[in-house]
Structures are given as structure tokens and as C-alpha cells.
Amino acid sequence: QAILNASAQLDLFDLETGRPYEAGIAMLPISEQVCEWNRKARILSEKCRLAPQDTELRQQLNDYCATVNQWVESQVADLLKQGKIVGAIGGDHATPYGAIRAHLAHYPTMGILHIDAHADLRKAYEGFEWSHASIMYNVITKKGGKYATHIRGGRRRKTTYVEFFFTGPADRHLMFCFSRDEFD
């Protein structure tokens, strides 16, 4: 909702492309179903923090995340079939998984550029399969995830460094995924 509220404040003119927004910019309505899943998942998340050994609670939370991923994938796939350019914005590193799956189905040779302070390659961080620390692991290992690129920048002892890895070829399509913590 905050993005929608602030969108009127954007300067959409671009020197190189002119006025691409004239073709149309849209945002899907906020899904009440997703808001309900989010409310329930937050409650489960808090219970998991209080009972970290409760694997049943953790599985319930993983199931909610999988449901949201499937919903996002379905929404994005429908928009891609209509010829739309789709972007996904969310509050967690794991947010784009469903969008990535839909794009990989639509553009099978697409590459992924992942810009983050961390590689996010953990199998299931603290037992959470869809954790923010597991997004690239899931992209690479689950059905449809074939290619990934990661750039990590930072400072160590006054030396700036960048790490880069790439797996698999990329054709004409490239998806960018970046985390705000890379820019902190």
C-alpha cells in the first residue's frame, strides 16, 4: 500500500526512453486472501520463535509460504501470457520466488542476477524452507530453477570487494533480484 500511495510522487520521464509510462503502468489490487495468509503466517512465525523445536509449527509456516509462492507464480504467469512486463516487490528476500518460477517457465533460458549482501543459498535456514536465506537455493534446486548469478559487495579492512558467481548460460532475458541490505 505504501508503494501505491507514493507512486504519484514518481518522476516518470526518462531522457533515454522518453515516456514509456504512456503505454501503461499498473499494480494489481492488494489481495485479501494473501493478507489473510500473511496474518496467519505471522502468528505461526511468532509461535515458532517461542518453540523452535516444534517441527509441526514450522511445517505449517512452510506450507503457507509454498501457497503464497504458488499464488504469485499463477498471477505472474497469467500476466506474462498477456504480454505484460512484470515486477514483484515485497518485504522479504524470498518474495520473488513465485515470480522467478513463472518467468523461467515463460523464458526457459532466462538468467537471474541476484544482488545481495549474502548468497541466500541455505537449504532451509533455521528449518524454514522458504526463508529469506534460502531463495537462491530454492531457485537453483527446485523445478524450473536452472541459472543464477550472484554479486556481493562490501568492505573488509578498508578494501572494497565484489564476489561474483554464475551457473548456466543466459539467453536474451535476465531477471534482477536485489536486496536492500546490499545497499546499506
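Here, every reference points to the structure presented above.
Residue indices begin from 1 for each chain and proceed along its sequence in written order. Totals for whole chains, interfaces and linings use all residues, but because this is a predicted model, local features are given only for residues with pLDDT of at least 70 and pairs of side-chain atoms are given and counted only at 80 or more. Hydrogen atoms and water are omitted, and side-chain values are computed over all heavy atoms in the structure.

### Some thoughts on the overall build of the protein chain
Right, so step 1: Only DSSP runs of H or I covering at least 4 residues are called helices, and only runs of E covering at least 2 are called strands; the numbering of each starts at the N terminus. Within the protein chain one finds five helices and four strands.
Right, so step 2: Listing every helix and strand of the protein chain by position from the N terminus yields α-α-α-α-β-α-β-β-β.
Right, so step 3: The classification of residues rests on relative accessible area computed with a 1.4 Å probe and restricted to protein chains. Under 20% of the type maximum is buried, over 50% is exposed, and intermediate values are partly exposed. In the protein chain, which comprises 184 residues, the proportion classed as buried is 29%.
Right, so step 4: Intrachain contacts of the protein chain at a sequence separation of at least 6 include 56% that bridge at least 24 residues.
Right, so step 5: Surface exposure here means Shrake-Rupley accessible area, sampled with a 1.4 Å probe, where a residue is shielded only by the protein chains that are shown. Entry remark: accessible area of the protein chain is about 12,600 Å², with carbon and sulfur atoms responsible for 55%. Only heavy atoms matter for contacts: two residues are in contact if any of them lie within 4.5 Å across the pair.

### A look at a nonpolar patch on the surface
Right, so step 1: Taken together, the side chains of Ile3, Leu4, Met27, Ile30 and Ile89 define a hydrophobic patch exposed on the protein surface, amounting to about 490 Å² of accessible area.
Right, so step 2: As for its position among the elements, Ile89 is in the loop between helix 3 (55-81) and helix 4 (97-106).
Right, so step 3: We classify Ile89 as exposed; its relative accessible area is 68%. Think of a patch as exposed residues, more than 30% relative accessible area, with no salt bridge, where like charges cluster within 9 Å and nonpolar side chains (Val, Leu, Ile, Met, Phe, Trp, Tyr) cluster within 5 Å. Here, a salt bridge means any Lys or Arg side-chain nitrogen found within 4 Å of an Asp or Glu carboxyl oxygen.

### Looking at the nonpolar core
Right, so step 1: Definition used in this section: a nonpolar core is a set of buried Ala, Val, Leu, Ile, Met, Phe, Trp, Tyr and Cys residues joined via side-chain atoms within 4.5 Å. Core analysis: the largest hydrophobic core is formed by nine residues, namely Tyr97, Ile100, Leu104, Met110, Ile112, Trp130, Ile135, Met136 and Val139.
Right, so step 2: The set of elements that each furnish at least two residues to this core consists of helix 4 and helix 5 (135-141).
Right, so step 3: Core analysis: the second largest hydrophobic core is formed by seven residues, Val76, Leu79, Leu80 and Ala99 among them.

### Let's talk about the pattern of salt bridges
Right, so step 1: Scanning the entire structure with this criterion turns up four salt bridges.
Right, so step 2: Residue Glu36 is joined to Arg39 by a salt bridge in which the shortest nitrogen-to-oxygen separation is 3.0 Å. Pair noted here: Glu36 and Arg39 are both in helix 2 (residues 32-50), with a separation of three residues, about one helical turn.
Right, so step 3: In this structure, the salt-bridge partner of Glu36 is Lys40, at a minimum N-O distance of 3.8 Å. Taken as a pair, Glu36 and Lys40 lie in helix 2 at a separation of four residues, close to a single helical turn.
Right, so step 4: Relative accessible area serves as the criterion here: at 29%, Glu36 is assigned to the partly exposed category.
Right, so step 5: Assessed through its relative accessible area of 38%, Lys40 is described here as partly exposed.
Right, so step 6: Because the salt bridges share partners, they merge into one network encompassing Glu36, Arg39 and Lys40.

### Observations concerning the packing of helix 3 against helix 4
Right, so step 1: Each axis is a line fitted through C-alpha atoms, and for a helix only the stretch in contact is used; angles between axes span 0 to 180 degrees, taken between their N-to-C directions. The geometry of helix 3 relative to helix 4 is characterised by a closest axis approach of 7 Å and an angle of 40 degrees between their N-to-C directions. When the axes of helix 3 and helix 4 are compared, the pair comes out oblique. The crossing of helix 3 and helix 4 is right-handed. Taking contact as the criterion, the partners of Asn69, Val72, Glu73, Val76, Ala77, Leu80 and Lys81 in helix 3 are, on helix 4, Tyr97, Gly98, Ala99, Arg101, Ala102, His103 and His106. For classification purposes, an angle smaller than 35 degrees is called roughly parallel, one larger than 145 roughly antiparallel, one from 65 to 115 roughly perpendicular, and anything else oblique. Here a crossing is taken to be left-handed if its near helix is turned anticlockwise relative to the far helix by less than a right angle, and right-handed if that turn runs clockwise.

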